[in-house]
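Tertiary structure, described
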Amino acid sequence: MIYSRKAEQLSPSLTLSITAKAKKMKTEGLDVIGFGAGEPDFNTPENIQNAAIEAIKKGMTKYTPASGISELKDAIIKKFKVDNDLSYTQSQIIVSTGAKQCLANVFQALLNPGDEVLVPVPYWVSYPELIKLADGVPVFVTSDKEHNYKFTLEALNKHLTKNTKAIIINSPNNPTGTVYTKDELMIIAEFCKAHDIIIISDEIYEKLIYGNEKHVSIASLSQDAYDRTIVINGVSKSYAMTGWRIGYAAGNEKIIKLMSNIQSHTTSNPNSIAQYAALEALNGSHDKVDFMINEFKKRRNYMVGRINTINNLSCINPEGAFYVMINISNFLGKTFNEEEIKDSLDFSRLLLEDEKVAVIPGDAFGVSDYIRLSYATSMENIKEGLNRLENFIQKIK
Ligand SMILES: Cc1ncc(COP(=O)(O)O)c(C=O)c1O
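Residues numbered from 1 in each chain as written. Predicted model: local features only at pLDDT ≥ 70, side-chain atom pairs only at ≥ 80, totals over all residues. Heavy atoms only, no water.

Here we take up the overall build of the protein chain. When helices and strands are counted, the protein chain shows 14 helices and 15 strands. Counting only C-alpha atoms and orienting by the principal axes, one finds that the protein chain spans roughly 60 × 55 × 55 Å. For the protein chain, the residues scored as buried account for 55% of the 397 residues in total. When the accessible surface of the protein chain is totalled, it reaches about 17,300 Å², and 50% of it is carbon and sulfur. For the protein chain, the distance from the average position of its 44 positive side-chain charges to the average position of its 47 negative side-chain charges is 3 Å. (Helix = DSSP H or I, 4+ residues; strand = E, 2+ residues; numbered from the N terminus. Buried < 20%, exposed > 50% of the residue type's maximum accessible area, 1.4 Å probe, protein only. Areas by Shrake-Rupley, 256 points an atom, 1.4 Å probe, with all protein chains shown as cover. Lys, Arg positive; Asp, Glu negative; His and termini not counted. Charge placed at Lys NZ, Arg CZ, Asp CG, Glu CD.)

This part is about empty space enclosed by the protein. Applying the stated criterion across every chain yields a total of 1 cavity of 30 Å³ or more. Taken as a whole, the largest cavity spans an internal volume of roughly 50 Å³. The wall of the largest cavity is formed by Lys79, Glu203, Ile204, Tyr205, Glu206, Lys207, Asn233, Gly234, Ser238, Tyr239, Tyr248 and Leu282. (1 Å grid on protein atoms, 1.4 Å probe; cavity = no way out; pocket = protein on both sides within 12 Å on 5 of 7 lines; lining within 4 Å. Points joined across faces, edges and corners; volume = space filled by probe spheres on them.)

Taken in spatial order, the 4 strands make up an open sheet running β9-β10-β15-β14, and their pairing is antiparallel. Each edge of the open sheet carries a strand with a single partner, namely β9 (314–315) and β14 (360–361). Both strand β10 (residues 323–327) and strand β15 (residues 370–374) contribute to a ladder of 5 bridges, which runs antiparallel. Bridge assignment links Met325 to a residue of β15, and that residue is Arg372. (Pairing = 2+ DSSP bridges.)

Before going further, it helps to examine unusual backbone geometry. Cis geometry is adopted by the peptide bond preceding Pro122, which originates at Val121 and carries an omega value of 0°. For the bond running from Ser171 to Pro172, omega is -10°, close enough to zero to count as cis. Within the secondary structure, Pro172 is located in the loop between β5 (164–170) and α8 (182–195). Positive phi is not limited to glycine here, since Ser268 has a value of about 55°. Here Ser268 lies in the loop between α10 (253–266) and α11 (272–283). You can call Ser268 partly exposed: its relative accessible area is 31%. With a phi close to 45°, Asn337 is a non-glycine residue in the positive phi region. Tracing the chain through its elements places Asn337 in the loop between β11 (335–336) and β12 (339–340).

Bring the parts together and some accessible area is lost; that lost area is often taken as the interface size. Taken as a whole, the protein chain is organised into domain 1 (5–43 + 288–394) and domain 2 (62–283). Each of domain 1 and domain 2 has a C-alpha centre, and these two points are 26 Å apart. Listed as interface residues are 34 residues of domain 1 and, on the opposing side, 32 residues of domain 2. Between domain 1 and domain 2 the total buried area reaches about 2,800 Å² when both faces are included, carbon and sulfur atoms providing 61% of it. The tally of links from domain 1 across to domain 2 stands at 1 salt bridge. Between Lys6 and Asp135 there is a salt bridge, with its nearest N and O atoms 3.5 Å apart. Ranked by residue count, the leading element in the side of domain 1 that touches domain 2 is helix α12 (residues 287–309), at 6 residues. Across the side of domain 1 that touches domain 2, the residue classes break down as 18 nonpolar, 10 polar and 6 charged. (Domains from an automatic or database assignment. Contact = heavy atoms within 4.5 Å. Buried area = accessible area lost by both parts, 1.4 Å probe. Salt bridge = Lys/Arg side-chain N within 4 Å of Asp/Glu carboxyl O. Nonpolar A, V, L, I, M, F, W, Y, C, P; charged D, E, K, R; others polar.)

Sheet faces and side chains relate simply in a regular strand, where the side chains alternate between the two faces. Here β5 lies mainly inside the structure; 6 of its 7 residues are buried. Of the pairings in the sheet, the one linking strand β3 (residues 116–121) to β5 comprises 3 bridges and is parallel in character. Each residue of the ladder has a partner; that of Val117, found in β5, is Ala166. One ladder, built from 5 bridges, connects β5 with strand β6 (residues 198–202); its direction is parallel. For Asn170, the partnering residue across the bridge sits in β6 and is Asp202. Handedness of the β5-α8-β6 crossover: right-handed. (Right-handed = clockwise from strand over helix to strand, strands pointing away.)

On to the sheet that holds β5, then. Read across the sheet, 7 strands follow the order β2-β8-β7-β6-β5-β3-β4 without closing on themselves; strand pairing throughout is mixed. Every interior strand has two partners, whereas the edge strands, β2 (93–96) and β4 (137–142), have only one. Taking each pair of neighbouring strands and ignoring which way they run, the sheet shows an average axis angle of 25°. Alignment of β6 against strand β7 (residues 229–234), held across 4 bridges, turns out to be parallel. If you follow Ser201 over to β7, its bridge partner there is Val231. (Axes fitted to C-alpha atoms, helices over the stretch in contact; angles between N-to-C directions.)

On to the environment of Asn170, then. Among the secondary structure elements, Asn170 is positioned in strand β5. Assessed through its relative accessible area of 2%, Asn170 is described here as buried. It is 30 Å that separates the C-alpha atoms of Asn170 and Glu380, two residues lying 210 residues apart in sequence. The contact partners of Asn170, leaving out residues within four places of it in the chain, are Tyr127, Tyr180 and Asp202. Within the structure, the side chain of Asn170 is placed 3.0 Å from the backbone nitrogen of Asn174, a separation counted as a polar contact. (Polar contact = N/O pair within 3.5 Å; in protein donor to acceptor, adjacent residues only side chain to side chain.)

Right, let's talk about the pairing of strand β8 (residues 247–250) for a bit. Going residue by residue along β8, you find Gly247 and Ala249 tucked away on one face and Tyr248 and Ala250 tucked away on the opposite face as well. Pairing of β2 with β8, which is carried by 4 bridges, proceeds in the antiparallel orientation. From the neighbouring strand, Val95 faces β8, where its bridge partner is Tyr248.

Here it is as structure tokens:
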């Protein structure tokens, strides 16, 4: 039987599969420290939980408009105004089943076969696959360590072709944690204007910034940038709501309409109860969010400080999100128990088998000489996990 060529070519999400493997090892009684998590380790704040319970009791359990309930759209509009100085109307907003569905919708709505999308390397695992599912071509733009792996004009120009249709900006970035400055975004906005490129700005980690940088949405930089940008955001990461599956996007009316039409046939509406929970997340108290950000900041500071004291390891300094990319290039080509470590996949597998520490290999993000560790886990786990990592690398010859 010949199944869909498109589906056959798709790689499964490596981050989800490694996290699942670590969880399975734990249930088998093994003492695994997991650094794979792409989600806060905190539970959803109580006021949000209660809003969902209330929604169920009030019978908000039916289909909603495909692009989301009106009250939630109003809350999203207010959020964009207050946080990003962006003005939208209801017809410019769509609520989806996670930011991931917004991204899937946007690529389906934008791309025709052969259209190219500029993707930053290292990239979040799902961008290339979602682009390919929409018949587009991901074009990987590699920057360098010196620029913290952010887009440079030189790198963008090198990858520009007559088929370039869109670009993905992801700030704060998964996996590097880097945050684009306003000046850097200005350069990208000018580049997109000059070459008529649509900007997809994934701002899902917006609230999780710990350094001095402030989050700037590229859409807020000029009228032109506003017109050509689709902003993607959601409640998953900021409000510890990954399982609720609510994301949202804002952009021009035409593209939002196309996205809504697609969504109406693929999943109808996002979960009705979760929409009411998201409404409380955006409108209710942010105390718990502030608490989480503070905790992440403490863990980040500890982790980065500790990594930098370990011989032969270094990391990209993360200013946001909850990940640290550790450079393992000093160990590639060396051996562990007589097995050669060729890439980050070998390194991660051996680390898991030997020291029971789960990390995500950089290969999942298009870079072989890094591993990604999430600090969305307790300080106790972070300390123990880094001890084990240090033990592991001392055994590499
Ligand atoms: C960069 C980035 N964008 C989007 C998403 C998807 O978020 P959601 O849970 O809202 O679908 C993730 C989740 O890992 C992410 O890291």
